[in-house]
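Commentary on secondary and tertiary structure
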Amino acid sequence: MKPAPSDPPSASLLEPTSADDHVCWGGGQRHPASHELWVKDLSVSYRETRALEQVNLHSRCGRSVALVGPNGAGKSTLIKTMAGIVKPDSGEILWRGRRLDGTSREIAYLPQRSEVDWLFPVTVRGLVEMGRYPVVGWWGAYRRHDKDIVDRALETMQLTDLQNRQIGALSGGQQQRTFIARALAQEAHVLILDEPFTGLDKPAQEQLCQLFGELTAEGRLLVASHHELGSVAAIFDEVLLLRRHVVAFGPVEEVFTPANIEETFGTV
C-alpha cells in the first residue's frame, strides 16, 4: 500500500528539502522541481503496424505512474521508447526540459523478468555494479566512491547477504530488487519498469509495493506497466489508460473510473 504522506520511508537515505526541490539518491545534490518527464505527441510503428498514436504524458519526480491497457495496447512499446530503446516515428520525449535522443543515465529501464537470461553467469553484486557503467564508462576507473554507492544500493535493497549469489538462484522478488539496486547504483532519477509485479508471490508483491512508496518519497519518478486493475489505486499516484492512444491520464482518483476502464478494455 502507498504509505501515508507523514510516514517516513523505512529505508530512506535522504530527506526531501521542500515541496519545490528534492535530493536525488547517491549524488548528494539538490535539484529543482523542474525534474519533469514529458511525452509529447508520440507515435511509434513496427513496419506497417502503428503501435502508439499521438501519446502524451507528463509527470515529475516524486510520483508513480501506472500504464494500464489490454494486451497489444502499446505499454511495452511506450516503456521502451521512453527508455531510448525504440525510436519513435514522430513526437518527442523531454527530461528536465531537454529532448531525449537515445538513453540517459538518469533514466533506468527494468525489463520484464521473462526477458532476462537468468542463467547468465553474473552475481547479484556484479549486476548491481553494471549500474555504474553509464557513470564511469566501460573502461573507466572504478573508484572507492563507486564501490560505496554499490554497497549502499545493496544495503538499501536488503541484498548484502545475497551479493555473491548467482542471479538465477534468487527468488522473483529478490531478482526485482536486484534490478532496482542496479538503478540506484546508476543514480537514476526515473525508473521505468515493464510489468514489475508479474510472477511474484503475494509477500514479494507487498514488499515491492512498499518499496515503490519509499522510492517516490525519496524523490524518484516511477513509471510502470501494470495489469492488476484492483491494485492500481493502492500502488500508484497517476494512471495512463492506453489503447494505442491515450484514453485518459491523470491522478488515479480522477481518471481511473469505470467508464474510462470500459473504454480501455471493453466490458470488464
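Residues numbered from 1 in each chain as written. Predicted model: local features only at pLDDT ≥ 70, side-chain atom pairs only at ≥ 80, totals over all residues. Heavy atoms only, no water.

Structural notes on helix H6 (residues 202-217)
- Given a rise of 1.5 Å per residue, 16 residues ought to cover 22 Å, and the 23 Å separating the end C-alpha atoms of H6 matches this to within 8%.
- Buried positions along H6 lie against strand E5 (64-68), helix H5 (172-185), strand E9 (190-193), strand E10 (221-225) and helix H7 (232-235).
- Looking at where H6 begins, the residue whose side-chain oxygen comes 2.9 Å from the main-chain nitrogen of Ala 204 is Asp 201. (Helix = DSSP H or I, 4+ residues; strand = E, 2+ residues; numbered from the N terminus. Expected span 1.5 Å × (residues − 1). Contact = heavy atoms within 4.5 Å. Polar contact = N/O pair within 3.5 Å; in protein donor to acceptor, adjacent residues only side chain to side chain.)

Some remarks on the sheet that holds strand E3 (residues 36-46)
- What the 4 strands build is an open sheet, ordered E4-E3-E6-E7; its pairing is antiparallel. Among the strands making up the open sheet, the edge pair consists of strand E4 (49-60) and strand E7 (98-99).
- Relative to strand E6 (residues 90-95), E3 runs antiparallel, the two sharing 5 bridges. Paired with Trp 38 across the bridge in E6 is Leu 94.
- Against the sheet, helix H1 (residues 75-82) contacts E3, E4 and E6, and its axis sits at roughly 120° relative to E3. (Pairing = 2+ DSSP bridges. Axes fitted to C-alpha atoms, helices over the stretch in contact; angles between N-to-C directions.)

Section: the pattern of salt bridges
- Evaluation of the coordinates by the stated rule reveals 15 salt bridges.
- Ionic pairing is found between Glu 129 and Arg 125, a salt bridge with its closest N-O pair at 3.2 Å. Of this pair, Glu 129 and Arg 125 both sit in helix H2 (residues 124-129), 4 residues apart, which is roughly one turn of the helix.
- Residue Arg 125 is classed as buried on the basis of its relative accessible area, which comes to 14%.
- A salt bridge links Arg 144 to Asp 148, with the shortest nitrogen-to-oxygen separation between them at 2.9 Å. Here Arg 144 pairs with Asp 148, and both are found in helix H4 (residues 144-156), just 4 residues apart, close to one helical turn.
- Taking the relative accessible area as the measure of exposure, Asp 148 reaches 36% and is therefore partly exposed. (Salt bridge = Lys/Arg side-chain N within 4 Å of Asp/Glu carboxyl O. Buried < 20%, exposed > 50% of the residue type's maximum accessible area, 1.4 Å probe, protein only.)

As for the side chain of Glu 195
- Assignment of secondary structure puts Glu 195 in the loop between E9 and H6.
- As a buried residue without a salt bridge, Glu 195 has its nearest oppositely charged side chain in Lys 75, at a separation of 4.7 Å.
- Setting aside anything within four residues of it in sequence, one finds Glu 195 in contact with Lys 75, Gln 112, Gln 176, Ser 225, His 226 and His 227. (Lys, Arg positive; Asp, Glu negative; His and termini not counted.)

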